[in-house]
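Topology and contacts: notes
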Amino acid sequence: LAKTTQPISMDSYEGQEVNITCSHNNIATNDYITWYQQFPSQGPRFIIQGYKTKVTNEVASLFIPADRKSSTLSLPRVSLSDTAVYYCPAVDYKLSFGAGTTVTVRA
Amino acid sequence: DVKVTQSSRYLVKRTGEKVFLECVQDMDHENMFWYRQDPGLGLRLIYFSYDVKMKEKGDIPEGYSVSREKKERFSLILESASTNQTSMYLCASSSLVHEQYFGPGTRLTVT
């Protein structure tokens with residue numbers, strides 16, 4: 001059964017880069033790796049997906065090593081508005097969300 | 001942009017009442033999902049549907065049922081609400097399982 005593990009919380013300051021690493025246990029060969037962001041009192045928002053190597057969009061970058069047993073979400077130059085919970089759900093026929101990583105950005 | 005709407009942002013019901021939570025998506029997605037979110041427990045899947053009139057149990061279906069009569073609408077039903085069903089309920093839709101779009105959520109309080 002696919003399962004992911006990520007840190008419970010991370011603190012940062014404005015302007016810094018934040019890297020969150022997720023371990024993907026038993027990831028299937030054809031499963032994508034995805035990350036979601038959730039602000040308080042809102043639903044999660046899909047932010048990025050990848051299969052291998054590196055993907056970048058306007059929100060974040062996603063690094064996936066060749067063995068695909070982990071992934072790293074990179075948030076460049078964070079601001080206070082990046083304070084949120086970030087999830088890397090396990091993917092099979094459904095998404096399995098854990099508690100996520102609470103990222104707190106301070107001034 | 002994908003839009004997923006939920007019928008209420010906040011709802012207060014009494015124990016034993018029948019509760020309907022409605023979700024509508026406008027992107028012609030085949031897949032729709034209902035989750036609940038509780039502090040410290042993350043999101044847990046209640047039910048999902050891959051097609052009209054089709055439903056599958058998620059991880060915590062007890063005490064809930066669903067209905068999907070039209071592709072764009074997925075309803076969650078609490079047959080007899082209980083206090084342990086006080087939670088944030090989130091609906092999502094997708095064409096790909098791993099890329100889901102969530103609604104704003106309904107915060108349900110059962111007293």
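Residues numbered from 1 in each chain as written. Chains lettered and ligands numbered in written order. Predicted model: local features only at pLDDT ≥ 70, side-chain atom pairs only at ≥ 80, totals over all residues. Heavy atoms only, no water.

Summing up its helical and strand segments, chain A has zero helices and twelve strands in all. Reading the helices (α) and strands (β) of chain A from amino to carboxyl end gives β-β-β-β-β-β-β-β-β-β-β-β. Relative to the globule expectation of 13 Å for 107 residues, the C-alpha radius of gyration of chain A, 13 Å, shows essentially globular dimensions. Counting only C-alpha atoms and orienting by the principal axes, one finds that chain A spans roughly 40 × 30 × 20 Å. Counting every position in chain A, which comprises 107 residues, the buried fraction comes to 45%. Carbon and sulfur atoms provide 52% of the accessible area of chain A, an area that totals close to 5400 Å². Where the 9 positive side-chain charges of chain A centre and where its 8 negative ones centre are 5 Å apart. (Helix = DSSP H or I, 4+ residues; strand = E, 2+ residues; numbered from the N terminus. Rg over C-alpha atoms; globule rule 2.2 N^0.38 Å. Buried < 20%, exposed > 50% of the residue type's maximum accessible area, 1.4 Å probe, protein only. Areas by Shrake-Rupley, 256 points an atom, 1.4 Å probe, with all protein chains shown as cover. Lys, Arg positive; Asp, Glu negative; His and termini not counted. Charge placed at Lys NZ, Arg CZ, Asp CG, Glu CD.)

Residue and element names in this part refer to chain B. In the sheet, strand β9 (residues 87-96) pairs with strand β10 (residues 99-102) via three bridges, with the strands oriented antiparallel. What sits directly across from A92, in β10, is F102. Where β9 hands over to β10, the hairpin turn is made up of two residues, counted between the paired strands. (Pairing = 2+ DSSP bridges.)

Between chain A and chain B, the residue contacts involve 19 residues of the former and 19 residues of the latter. Surface buried jointly by chain A and chain B totals about 1500 Å² across both partners, of which 57% is contributed by carbon and sulfur atoms. Ranking the residues of chain A by area buried against chain B places Y93, K94 and F97 of chain A at the top, with a combined share of 30%. For the pair chain A and chain B, the number of links is one salt bridge. We note a salt bridge from D59 of chain B to K94 of chain A, for which the minimum N-O separation is 3.3 Å. Inspection of the region where chain A meets chain B yields eight residue pairs in polar contact (both at pLDDT 80 or more). Residue assignment for the side of chain A that touches chain B shows that the elements contributing at least two residues are β4 (33-38) and β5 (45-50) of chain A. In terms of residue class, the side of chain A that touches chain B is built from ten nonpolar, seven polar and two charged. (Contact = heavy atoms within 4.5 Å. Buried area = accessible area lost by both parts, 1.4 Å probe. Salt bridge = Lys/Arg side-chain N within 4 Å of Asp/Glu carboxyl O. Polar contact = N/O pair within 3.5 Å; in protein donor to acceptor, adjacent residues only side chain to side chain. Nonpolar A, V, L, I, M, F, W, Y, C, P; charged D, E, K, R; others polar.)

Right, let's talk about the nonpolar core for a bit. Counting 20 residues, the largest nonpolar core has W34, I46, L76 and Y89 of chain B as its most contacted members. Sorting the residues of this core by element identifies β3 (19-25), β4 (31-38), β5 (42-49), β7 (64-70), β8 (73-78), β9 and β11 (106-110) of chain B as the ones contributing at least two each. The contacts of Y89 of chain B, once residues within four sequence positions are left out, are Q6, L21, W34, Y35, R36, I46, Y64, L76, L78, G105, T106 and L108 of chain B. Counting residues in each nonpolar core, the second largest holds 18 residues, with I20, I64, L73 and V78 of chain A among its members. (Core = buried A, V, L, I, M, F, W, Y, C linked by side-chain atoms within 4.5 Å.)

Nothing here speaks to function; it is all geometry.
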